[in-house]
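The primary structure of each chain is shown beneath.
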Amino acid sequence: MNTPQDSDFRDGMPFLGSRLWIDFVNSAPVALGDFLATAEGWQRWRAAARLDTDKAGAGDLAATHALRGSLSRLFENLMSGTAPQPGDLARLNGLLAAQATHPHLEWRDGTLKVEERSSGGGGPLAAIAADFVDFAAHHEPARLRHCANPECSLVFYDTARNGTRRWCSMAACGNRHKVRSHRMRVAAVSSS
Ligand SMILES: [Zn+2]
């Protein structure tokens, strides 16, 4: 059912987490290096993420790396149901405080829904923080996963209806696994 998807990667960087904040956590894969190591890299990532690429509001690299560290830890906290570090929540709250929000009305599923919408102020780090807040409010932490390839550091949110997604990307880790288990089956048959 799963087919390799080029859309798992944009400009060579993984965008397969199903959420902006998770793609941000995935911006330093063990196998590929840190895509946000330089200001140019951070700008390239923002363009791939379809975020504001204006340099002025981008925040410095130290703040960018600090937010990524916080969200990586929060990913593990949500997955394991453990308490977050107060400093990680404080970092997010600081970014959220800088962001102007307004209520937004929407007719959905036969009822009138009220949601807080951001006017986009606060720059890309605030947008990433806001995406995490939306996730925390409306989504299922039980569907957060590590890629099943033990050598792969990528994580994702499983949006498959039956919740059985195992790989960051079929094209990257899924097919490698398929090839390997096929080889093992062939070896088992030829040695018997
Ligand atoms: Zn993987």
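The following paragraphs examine the structure supplied in this document. (Residues numbered from 1 in each chain as written. Predicted model: local features only at pLDDT ≥ 70, side-chain atom pairs only at ≥ 80, totals over all residues. Heavy atoms only, no water.)

## Description of the packing of helix 3 (residues 61-80) against helix 4 (residues 86-97)
Part 1: Relative orientation of the contacting elements helix 3 and helix 4 amounts to 125 degrees, with a least axis distance of 9 Å. Classed by the angle they form, the pair helix 3 and helix 4 counts as oblique. Seen from above, helix 3 lies across helix 4 with left-handed handedness. Each of Ala66, Leu67, Ser70, Leu71, Arg73 and Leu74 in helix 3 lies in contact with helix 4, whose residues at this interface are Asp88, Leu89, Arg91, Leu92 and Leu95.
Part 2: Class assignment for the residues of the contact of helix 3 with helix 4 results in seven nonpolar, one polar and three charged. (Axes fitted to C-alpha atoms, helices over the stretch in contact; angles between N-to-C directions. Helix = DSSP H or I, 4+ residues; strand = E, 2+ residues; numbered from the N terminus. Parallel < 35°, antiparallel > 145°, perpendicular 65-115°, else oblique. Left-handed = near helix turned anticlockwise from the far one by under 90°. Contact = heavy atoms within 4.5 Å. Nonpolar A, V, L, I, M, F, W, Y, C, P; charged D, E, K, R; others polar.)

## Concerning the coordination of the zinc ion
Part 1: In this structure, Cys147 (SG), Cys152 (SG), Cys168 (SG) and Cys173 (SG) serve as the protein donors to the zinc ion, at separations of 2.3 to 2.4 Å.
Part 2: Taken together, the four donor atoms coordinating the zinc ion span angles of 104 to 114 degrees at the metal, a pattern that classifies the geometry as tetrahedral.
Part 3: Each donor residue of the zinc ion belongs to the same chain, with the gaps between them written as C-x4-C-x15-C-x4-C. Note that Cys147 is positioned in the loop between strand 5 (144-146) and strand 6 (155-157) and Cys168 in the loop between strand 6 and helix 6 (170-191), a separation of 21 residues in sequence. (Donors = N, O, S within 2.8 Å, 3.2 Å for Na, K, Ca; no water. Tetrahedral: all angles 85-135°; square planar, octahedral: opposite > 155°, others 65-115°.)

## Some remarks on the environment of Cys168
Part 1: Cys168 gets classed as buried once you look at its relative accessible area, which sits at 2%.
Part 2: Put simply, Cys168 and Leu16 are 152 residues apart on the chain and 6.5 Å apart in space, counted from C-alpha to C-alpha. (Buried < 20%, exposed > 50% of the residue type's maximum accessible area, 1.4 Å probe, protein only.)

## Describing the pairing of strand 3 (residues 101-108)
Part 1: Examined bridge by bridge, strand 3 and strand 4 (residues 111-118) share eight bridges and lie antiparallel to one another. Each residue of the ladder has a partner; that of Trp107, found in strand 4, is Leu112.
Part 2: Where strand 3 folds back on strand 4, the antiparallel hairpin that results is connected by two residues, among which Asp109 adopts a positive phi of roughly 50 degrees. (Pairing = 2+ DSSP bridges.)

## Points about the packing of aromatic side chains
Part 1: With the rule as written, the count across this model stands at eight aromatic pairs.
Part 2: With a centroid separation of 5.9 Å and 50 degrees between ring planes, the pair formed by Trp21 and Phe75 is classed as tilted. Note that Trp21 is positioned in helix 1 (residues 20-25) and Phe75 in helix 3, a separation of 54 residues in sequence.
Part 3: A ring pair is formed by Phe24 and Trp42, whose centres lie 6.0 Å apart and whose planes are at 55 degrees; its orientation type is tilted. With Phe24 in helix 1 and Trp42 in helix 2 (residues 39-48), the pair connects residues that are 18 residues apart, well separated along the chain. Comparing Phe24 with Trp42, the two get one shared label, buried.
Part 4: A connected cluster of aromatic rings, assembled from ring pairs, spans Trp21, Phe75, Phe132, Phe135 and Tyr157.
Part 5: The positively charged end of Arg165 is found above the aromatic ring belonging to Phe156, 3.9 Å away from the centroid. (Phe/Tyr/Trp six-rings, centres within 6.5 Å; stacked < 30°, edge-to-face > 60°. Lys NZ or Arg CZ within 6 Å of the ring centre and 35° of its normal.)

## Notes on helix 3
An α-helix turns once per 3.6 residues; consequently, residues spaced three or four apart project the same way.
Part 1: Given a rise of 1.5 Å per residue, 20 residues ought to cover 28 Å, and the 29 Å separating the end C-alpha atoms of helix 3 matches this to within 8%.
Part 2: Among the residues making up helix 3, those that are buried are Thr64, Leu67, Arg68, Ser70, Leu71, Leu74, Phe75 and Asn77.
Part 3: In the core, the buried residues of helix 3 are packed alongside helix 1, helix 2, helix 4, helix 5 (123-138), strand 5 and strand 6.
Part 4: Count one or two residues on from helix 3 and you reach Gly81, which has phi positive near 70 degrees. (Expected span 1.5 Å × (residues − 1).)

## Topic: the side chain of Ser70
Part 1: Within the secondary structure, Ser70 sits in helix 3.
Part 2: Classification of Ser70 as buried rests on a relative accessible area of 0%.
Part 3: Residues within four places of Ser70 in sequence aside, it is in contact with Asp88 and Arg91.

## What about a nonpolar patch on the surface?
Part 1: On the surface, Leu105, Trp107, Leu112 and Val114 cluster together into a nonpolar patch covering about 510 Å² of accessible area.
Part 2: Looking at the nonpolar patch, the elements that each hand over two or more residues are strand 3 and strand 4.
Part 3: Looking at the element boundaries, Leu105 is found in strand 3. (Patch = residues over 30% accessible without salt bridge, like charges linked within 9 Å, V, L, I, M, F, W, Y side chains within 5 Å. Areas by Shrake-Rupley, 256 points an atom, 1.4 Å probe, with all protein chains shown as cover. Salt bridge = Lys/Arg side-chain N within 4 Å of Asp/Glu carboxyl O.)

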